[in-house]
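Structural description and commentary
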Amino acid sequence: MSRIAYVDGRYLPHRRAGVSVEDRGYQFADGVYEVIAVLGGRLVDEDLHLERLNRSLDELRIRWPMSRAALRLVMREMIRRNRIRAFGSLYLQVTRGVSPRNHAFPTSAEPVLVMTARTLPPFDLEAAKRGISVISAPDERWRRPDIKTVSLIPNVLAKQRAVESGAFESWLLDVDGMVTEGTASNAWIVTEGGDLVTHAADRSILAGITRTSLLRLAREHGVRLVERPFSLVEAKRAREAFLTSTTSWVKAVVRIDDATIGNGAAGPLTRRLLDWYTAYVAGDGETSR
Ligand code: PDD
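Residues numbered from 1 in each chain as written. Predicted model: local features only at pLDDT ≥ 70, side-chain atom pairs only at ≥ 80, totals over all residues. Heavy atoms only, no water.

Considerations on the overall build of the chain
When helices and strands are tallied, the chain shows 8 helices and 16 strands. On C-alpha atoms alone, the chain measures out to a radius of gyration of 19 Å, which is about the 19 Å that the 2.2 N^0.38 rule sets for 289 residues. Its C-alpha atoms give the chain principal-axis dimensions of about 55 × 40 × 35 Å. When the accessible surface of the chain is totalled, it reaches about 13800 Å², and 51% of it is carbon and sulfur. Counting 42 positive and 35 negative side-chain charges, the chain places the averaged centre of each group 5 Å from the other. (Helix = DSSP H or I, 4+ residues; strand = E, 2+ residues; numbered from the N terminus. Rg over C-alpha atoms; globule rule 2.2 N^0.38 Å. Areas by Shrake-Rupley, 256 points an atom, 1.4 Å probe, with all protein chains shown as cover. Lys, Arg positive; Asp, Glu negative; His and termini not counted. Charge placed at Lys NZ, Arg CZ, Asp CG, Glu CD.)

Spelled out as C-alpha coordinates, the structure:
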(Lines give C-alpha, C1' and ligand atoms only; values in the text may rest on other atoms or scores of the structure.)
Protein backbone atom coordinates (compact mmCIF):
# COMPACT_ATOMS: atom_id res chain seq x y z
CA MET A 1 0.00 0.00 0.00
CA SER A 2 1.52 3.35 -0.97
CA ARG A 3 1.74 6.01 1.68
CA ILE A 4 0.27 9.44 1.15
CA ALA A 5 1.70 12.72 2.43
CA TYR A 6 -0.07 16.04 2.76
CA VAL A 7 1.96 19.03 1.56
CA ASP A 8 0.56 22.54 1.60
CA GLY A 9 -2.92 21.73 0.37
CA ARG A 10 -2.24 18.56 -1.64
CA TYR A 11 -2.28 14.84 -0.98
CA LEU A 12 0.75 13.30 -2.74
CA PRO A 13 2.44 9.92 -2.96
CA HIS A 14 4.80 9.92 0.02
CA ARG A 15 7.91 9.16 -2.05
CA ARG A 16 7.33 12.08 -4.38
CA ALA A 17 6.27 14.61 -1.76
CA GLY A 18 8.63 17.53 -1.17
CA VAL A 19 8.85 21.15 -0.13
CA SER A 20 10.65 24.15 -1.57
CA VAL A 21 14.41 24.49 -1.00
CA GLU A 22 13.57 27.90 0.41
CA ASP A 23 11.13 26.61 3.00
CA ARG A 24 12.25 28.28 6.22
CA GLY A 25 11.88 25.02 8.08
CA TYR A 26 14.62 23.60 5.88
CA GLN A 27 16.94 26.62 6.07
CA PHE A 28 16.36 27.94 9.60
CA ALA A 29 14.47 25.20 11.47
CA ASP A 30 11.80 27.91 11.55
CA GLY A 31 8.87 25.65 12.32
CA VAL A 32 7.07 23.53 14.86
CA TYR A 33 5.67 20.02 14.90
CA GLU A 34 3.51 17.47 16.69
CA VAL A 35 3.53 13.68 16.75
CA ILE A 36 0.14 12.18 17.62
CA ALA A 37 -0.52 8.50 18.24
CA VAL A 38 -3.32 6.82 16.31
CA LEU A 39 -4.94 3.90 18.08
CA GLY A 40 -7.87 1.98 16.65
CA GLY A 41 -8.25 4.73 14.04
CA ARG A 42 -8.52 7.42 16.74
CA LEU A 43 -6.13 10.27 17.52
CA VAL A 44 -4.95 9.97 21.12
CA ASP A 45 -5.23 13.21 23.12
CA GLU A 46 -5.97 15.19 19.97
CA ASP A 47 -7.17 18.30 21.81
CA LEU A 48 -4.07 18.46 24.02
CA HIS A 49 -1.81 18.15 20.97
CA LEU A 50 -3.64 20.93 19.14
CA GLU A 51 -3.44 23.11 22.23
CA ARG A 52 0.33 22.56 22.42
CA LEU A 53 0.64 23.24 18.67
CA ASN A 54 -1.21 26.50 19.24
CA ARG A 55 1.23 27.47 21.97
CA SER A 56 4.30 26.59 19.86
CA LEU A 57 2.96 28.60 16.91
CA ASP A 58 2.16 31.49 19.20
CA GLU A 59 5.64 31.51 20.73
CA LEU A 60 7.24 31.71 17.26
CA ARG A 61 4.56 34.08 15.92
CA ILE A 62 3.65 31.71 13.08
CA ARG A 63 0.02 31.85 11.95
CA TRP A 64 -2.18 28.77 11.86
CA PRO A 65 -2.01 27.38 8.29
CA MET A 66 -5.78 26.76 8.36
CA SER A 67 -8.58 26.71 10.91
CA ARG A 68 -8.40 24.12 13.68
CA ALA A 69 -11.53 22.47 12.32
CA ALA A 70 -9.95 22.15 8.86
CA LEU A 71 -6.76 20.75 10.38
CA ARG A 72 -8.79 18.09 12.20
CA LEU A 73 -10.38 17.10 8.90
CA VAL A 74 -7.00 16.80 7.14
CA MET A 75 -5.68 14.66 10.03
CA ARG A 76 -8.63 12.30 9.66
CA GLU A 77 -8.23 12.18 5.91
CA MET A 78 -4.55 11.25 6.39
CA ILE A 79 -5.50 8.39 8.72
CA ARG A 80 -8.05 7.21 6.18
CA ARG A 81 -5.84 7.52 3.09
CA ASN A 82 -2.93 5.79 4.83
CA ARG A 83 -5.24 3.08 6.21
CA ILE A 84 -3.98 3.42 9.77
CA ARG A 85 -6.12 1.10 11.82
CA ALA A 86 -4.54 -0.59 14.83
CA PHE A 87 -1.56 1.58 15.82
CA GLY A 88 0.30 4.33 14.06
CA SER A 89 1.47 7.89 14.26
CA LEU A 90 0.67 11.15 12.57
CA TYR A 91 3.42 13.74 12.11
CA LEU A 92 2.47 17.32 11.41
CA GLN A 93 4.76 20.24 10.83
CA VAL A 94 4.09 23.92 10.28
CA THR A 95 6.86 26.21 9.05
CA ARG A 96 6.84 29.95 8.59
CA GLY A 97 6.78 29.37 4.86
CA VAL A 98 8.79 29.87 1.69
CA SER A 99 10.78 33.03 1.05
CA PRO A 100 14.22 34.11 -0.26
CA ARG A 101 16.74 33.38 2.50
CA ASN A 102 16.88 36.20 5.02
CA HIS A 103 16.89 35.78 8.79
CA ALA A 104 14.12 38.27 9.60
CA PHE A 105 10.50 37.19 9.18
CA PRO A 106 9.33 37.50 5.57
CA THR A 107 6.51 39.99 5.12
CA SER A 108 4.43 37.88 2.76
CA ALA A 109 5.13 34.16 3.33
CA GLU A 110 2.24 31.81 4.06
CA PRO A 111 2.76 29.06 6.68
CA VAL A 112 3.38 25.63 5.13
CA LEU A 113 1.65 22.57 6.62
CA VAL A 114 3.08 19.10 6.00
CA MET A 115 1.67 15.85 7.36
CA THR A 116 2.86 12.27 7.16
CA ALA A 117 1.37 9.16 8.71
CA ARG A 118 2.68 5.69 9.31
CA THR A 119 1.49 2.38 10.63
CA LEU A 120 3.50 1.10 13.60
CA PRO A 121 3.80 -2.43 14.97
CA PRO A 122 1.34 -3.07 17.84
CA PHE A 123 2.60 -1.53 21.09
CA ASP A 124 4.74 -4.16 22.82
CA LEU A 125 3.61 -4.16 26.46
CA GLU A 126 5.97 -6.93 27.48
CA ALA A 127 8.99 -5.10 26.05
CA ALA A 128 7.89 -1.91 27.83
CA LYS A 129 7.92 -3.87 31.10
CA ARG A 130 11.23 -5.59 30.40
CA GLY A 131 12.59 -2.10 30.12
CA ILE A 132 15.31 -0.20 28.31
CA SER A 133 18.67 1.40 29.10
CA VAL A 134 19.43 5.08 29.05
CA ILE A 135 22.72 6.95 29.15
CA SER A 136 23.31 10.44 30.47
CA ALA A 137 24.42 13.27 28.17
CA PRO A 138 24.74 17.03 28.54
CA ASP A 139 21.63 19.04 27.68
CA GLU A 140 23.05 21.23 24.91
CA ARG A 141 19.75 22.49 23.52
CA TRP A 142 18.69 26.11 23.19
CA ARG A 143 16.99 27.58 26.21
CA ARG A 144 13.41 27.16 24.98
CA PRO A 145 12.94 23.39 24.61
CA ASP A 146 9.40 23.96 25.91
CA ILE A 147 8.53 25.05 22.34
CA LYS A 148 8.16 22.03 20.07
CA THR A 149 10.33 23.32 17.22
CA VAL A 150 11.95 21.24 14.49
CA SER A 151 15.32 22.56 15.67
CA LEU A 152 16.40 19.17 17.02
CA ILE A 153 20.10 18.74 16.27
CA PRO A 154 21.23 18.50 19.95
CA ASN A 155 18.48 15.89 20.45
CA VAL A 156 19.63 14.03 17.35
CA LEU A 157 23.27 13.97 18.51
CA ALA A 158 22.39 12.80 22.03
CA LYS A 159 20.03 10.11 20.69
CA GLN A 160 22.75 8.90 18.32
CA ARG A 161 25.14 8.70 21.24
CA ALA A 162 22.59 6.49 23.04
CA VAL A 163 22.20 4.23 20.01
CA GLU A 164 25.97 3.87 19.65
CA SER A 165 26.15 2.88 23.34
CA GLY A 166 23.46 0.25 22.89
CA ALA A 167 20.93 2.33 24.84
CA PHE A 168 17.42 3.42 23.87
CA GLU A 169 17.55 7.04 25.04
CA SER A 170 19.79 9.72 26.53
CA TRP A 171 18.70 11.53 29.65
CA LEU A 172 19.85 15.12 29.37
CA LEU A 173 21.66 16.83 32.23
CA ASP A 174 21.60 20.55 32.92
CA VAL A 175 24.68 22.38 34.26
CA ASP A 176 23.76 21.39 37.83
CA GLY A 177 23.64 17.67 36.98
CA MET A 178 19.83 17.58 37.05
CA VAL A 179 17.96 15.42 34.55
CA THR A 180 15.74 17.62 32.40
CA GLU A 181 14.21 15.02 30.05
CA GLY A 182 15.10 12.61 27.25
CA THR A 183 15.89 13.54 23.65
CA ALA A 184 12.34 12.61 22.62
CA SER A 185 10.66 11.63 25.88
CA ASN A 186 10.06 12.79 29.46
CA ALA A 187 11.99 11.29 32.39
CA TRP A 188 10.50 9.98 35.64
CA ILE A 189 11.69 8.24 38.80
CA VAL A 190 10.10 6.68 41.87
CA THR A 191 12.19 7.71 44.87
CA GLU A 192 13.37 5.50 47.72
CA GLY A 193 10.50 7.04 49.73
CA GLY A 194 7.94 6.03 47.06
CA ASP A 195 7.24 9.46 45.52
CA LEU A 196 6.66 9.70 41.79
CA VAL A 197 8.93 12.49 40.52
CA THR A 198 9.27 14.26 37.17
CA HIS A 199 10.70 17.65 36.21
CA ALA A 200 8.18 20.49 36.35
CA ALA A 201 6.91 21.68 32.96
CA ASP A 202 8.81 24.95 33.02
CA ARG A 203 10.89 26.40 30.19
CA SER A 204 13.58 23.71 30.43
CA ILE A 205 11.52 20.75 29.19
CA LEU A 206 8.84 19.96 26.67
CA ALA A 207 5.50 19.48 28.39
CA GLY A 208 4.84 16.02 26.97
CA ILE A 209 1.22 15.16 26.30
CA THR A 210 1.83 11.63 27.62
CA ARG A 211 3.34 13.26 30.72
CA THR A 212 0.21 15.43 31.18
CA SER A 213 -2.16 12.48 30.81
CA LEU A 214 -0.08 10.25 33.08
CA LEU A 215 0.10 12.92 35.78
CA ARG A 216 -3.69 13.14 35.69
CA LEU A 217 -4.06 9.35 35.92
CA ALA A 218 -1.54 9.18 38.79
CA ARG A 219 -3.42 11.90 40.66
CA GLU A 220 -6.77 10.17 40.10
CA HIS A 221 -5.32 6.98 41.57
CA GLY A 222 -3.95 8.79 44.60
CA VAL A 223 -0.25 8.37 43.75
CA ARG A 224 2.02 10.74 45.72
CA LEU A 225 3.72 12.86 43.12
CA VAL A 226 6.14 15.76 43.01
CA GLU A 227 7.12 17.87 40.01
CA ARG A 228 10.71 18.84 40.69
CA PRO A 229 14.16 18.33 39.17
CA PHE A 230 16.07 15.19 40.20
CA SER A 231 19.79 14.62 39.82
CA LEU A 232 21.52 11.85 37.92
CA VAL A 233 22.80 10.56 41.26
CA GLU A 234 19.25 10.39 42.65
CA ALA A 235 18.02 8.70 39.46
CA LYS A 236 20.66 5.99 39.71
CA ARG A 237 19.56 5.28 43.29
CA ALA A 238 15.85 5.39 42.45
CA ARG A 239 13.53 2.48 43.19
CA GLU A 240 12.04 2.72 39.71
CA ALA A 241 12.53 4.81 36.60
CA PHE A 242 10.69 5.15 33.32
CA LEU A 243 10.16 7.43 30.36
CA THR A 244 7.05 8.58 28.51
CA SER A 245 6.22 9.73 24.99
CA THR A 246 3.49 9.50 22.39
CA THR A 247 4.96 6.38 20.79
CA SER A 248 6.75 4.89 23.84
CA TRP A 249 3.77 5.31 26.23
CA VAL A 250 5.38 4.25 29.52
CA LYS A 251 8.68 2.36 29.19
CA ALA A 252 10.56 1.08 32.21
CA VAL A 253 14.15 2.33 32.49
CA VAL A 254 16.16 -0.48 34.05
CA ARG A 255 19.67 0.86 33.51
CA ILE A 256 21.13 4.37 33.68
CA ASP A 257 24.76 4.44 32.49
CA ASP A 258 26.28 1.59 34.52
CA ALA A 259 23.68 1.53 37.31
CA THR A 260 20.89 -1.04 37.45
CA ILE A 261 17.56 0.41 38.60
CA GLY A 262 15.54 -1.59 41.11
CA ASN A 263 15.74 -5.27 40.30
CA GLY A 264 16.40 -4.65 36.60
CA ALA A 265 12.79 -4.86 35.41
CA ALA A 266 9.74 -2.58 35.60
CA GLY A 267 8.87 -1.79 39.20
CA PRO A 268 5.33 -2.11 40.62
CA LEU A 269 4.33 1.56 40.21
CA THR A 270 5.70 1.68 36.64
CA ARG A 271 3.60 -1.39 35.82
CA ARG A 272 0.47 0.15 37.30
CA LEU A 273 1.05 3.42 35.44
CA LEU A 274 1.53 1.53 32.17
CA ASP A 275 -1.69 -0.41 32.81
CA TRP A 276 -3.66 2.77 33.57
CA TYR A 277 -2.22 4.50 30.52
CA THR A 278 -2.97 1.52 28.26
CA ALA A 279 -6.57 1.44 29.47
CA TYR A 280 -6.83 5.20 29.02
CA VAL A 281 -5.58 5.29 25.41
CA ALA A 282 -7.73 2.32 24.49
CA GLY A 283 -10.81 4.29 25.46
CA ASP A 284 -9.81 7.87 24.75
CA GLY A 285 -10.24 10.15 21.73
CA GLU A 286 -12.83 10.88 19.11
CA THR A 287 -13.57 8.65 16.18
CA SER A 288 -11.72 9.48 13.01
CA ARG A 289 -14.58 8.63 10.72
N1 PDD B 1 8.88 13.54 21.00
N2 PDD B 1 10.46 15.64 25.30
C3 PDD B 1 10.91 15.80 24.05
C4 PDD B 1 12.16 16.59 23.84
C5 PDD B 1 10.19 15.26 22.96
O6 PDD B 1 10.62 15.45 21.71
C7 PDD B 1 9.00 14.52 23.22
C8 PDD B 1 8.19 13.93 22.11
C9 PDD B 1 8.59 14.36 24.55
C10 PDD B 1 7.33 13.61 24.90
O11 PDD B 1 6.21 14.33 24.48
P12 PDD B 1 4.84 13.59 24.08
O13 PDD B 1 4.42 12.81 25.28
O14 PDD B 1 3.91 14.72 23.77
O15 PDD B 1 5.14 12.71 22.89
C16 PDD B 1 9.33 14.93 25.56
C17 PDD B 1 8.16 13.12 19.82
C18 PDD B 1 7.38 11.88 20.02
C19 PDD B 1 9.14 13.05 18.64
O20 PDD B 1 9.90 14.01 18.52
O21 PDD B 1 9.10 12.10 17.87
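Focus: a nonpolar patch on the surface
Together, Ile153, Val156 and Leu157 line one region of the surface with nonpolar side chains, adding up to about 300 Å² of accessible area. Structurally, Leu157 can be placed in helix α5 (residues 153-164). (Patch = residues over 30% accessible without salt bridge, like charges linked within 9 Å, V, L, I, M, F, W, Y side chains within 5 Å. Salt bridge = Lys/Arg side-chain N within 4 Å of Asp/Glu carboxyl O.)

With respect to the pairing of strand β3 (residues 31-39)
Counted residue by residue, β3 has 8 buried out of 9 residues, so it is predominantly covered. In the sheet, β3 pairs with strand β5 (residues 87-95) via 9 bridges, with the strands oriented antiparallel. Looking at the pairing, Glu34 lines up with Leu92 of β5. Sheet analysis places β3 next to strand β4 (residues 42-43), joined by 2 bridges and oriented antiparallel. Bridge assignment links Val38 to a residue of β4, and that residue is Leu43. Linkage of β3 to β4, two consecutive antiparallel strands, is achieved through a turn of 2 residues, within which Gly40 is found at a positive phi near 55°. (Buried < 20%, exposed > 50% of the residue type's maximum accessible area, 1.4 Å probe, protein only. Pairing = 2+ DSSP bridges.)

Some words on the site of the ligand
The environment of the ligand is formed by 19 residues, the closest being Tyr33, Glu181, Ile209, Thr210 and Thr246. Between an oxygen atom of the ligand and a main-chain N or O atom of Ile209, the distance comes to 2.8 Å. At a separation of 2.6 Å, an oxygen atom of the ligand approaches a polar side-chain atom of Thr210. Relative to its free-state accessible area of 470 Å², the ligand is covered by the protein chains to the extent of 89%. Those elements giving two or more residues to the shell around the ligand turn out to be β3, β9 (178-182), α6 (209-220) and β14 (240-245). When its residues are assigned to classes, the shell around the ligand shows 5 nonpolar, 10 polar and 4 charged. For the shell around the ligand, the two domains that each supply at least three residues are domain 1 (4-119) and domain 2 (125-282). (Near = heavy atom within 4 Å. Polar contact = N/O pair within 3.5 Å; in protein donor to acceptor, adjacent residues only side chain to side chain. Nonpolar A, V, L, I, M, F, W, Y, C, P; charged D, E, K, R; others polar. Domains from an automatic or database assignment.)

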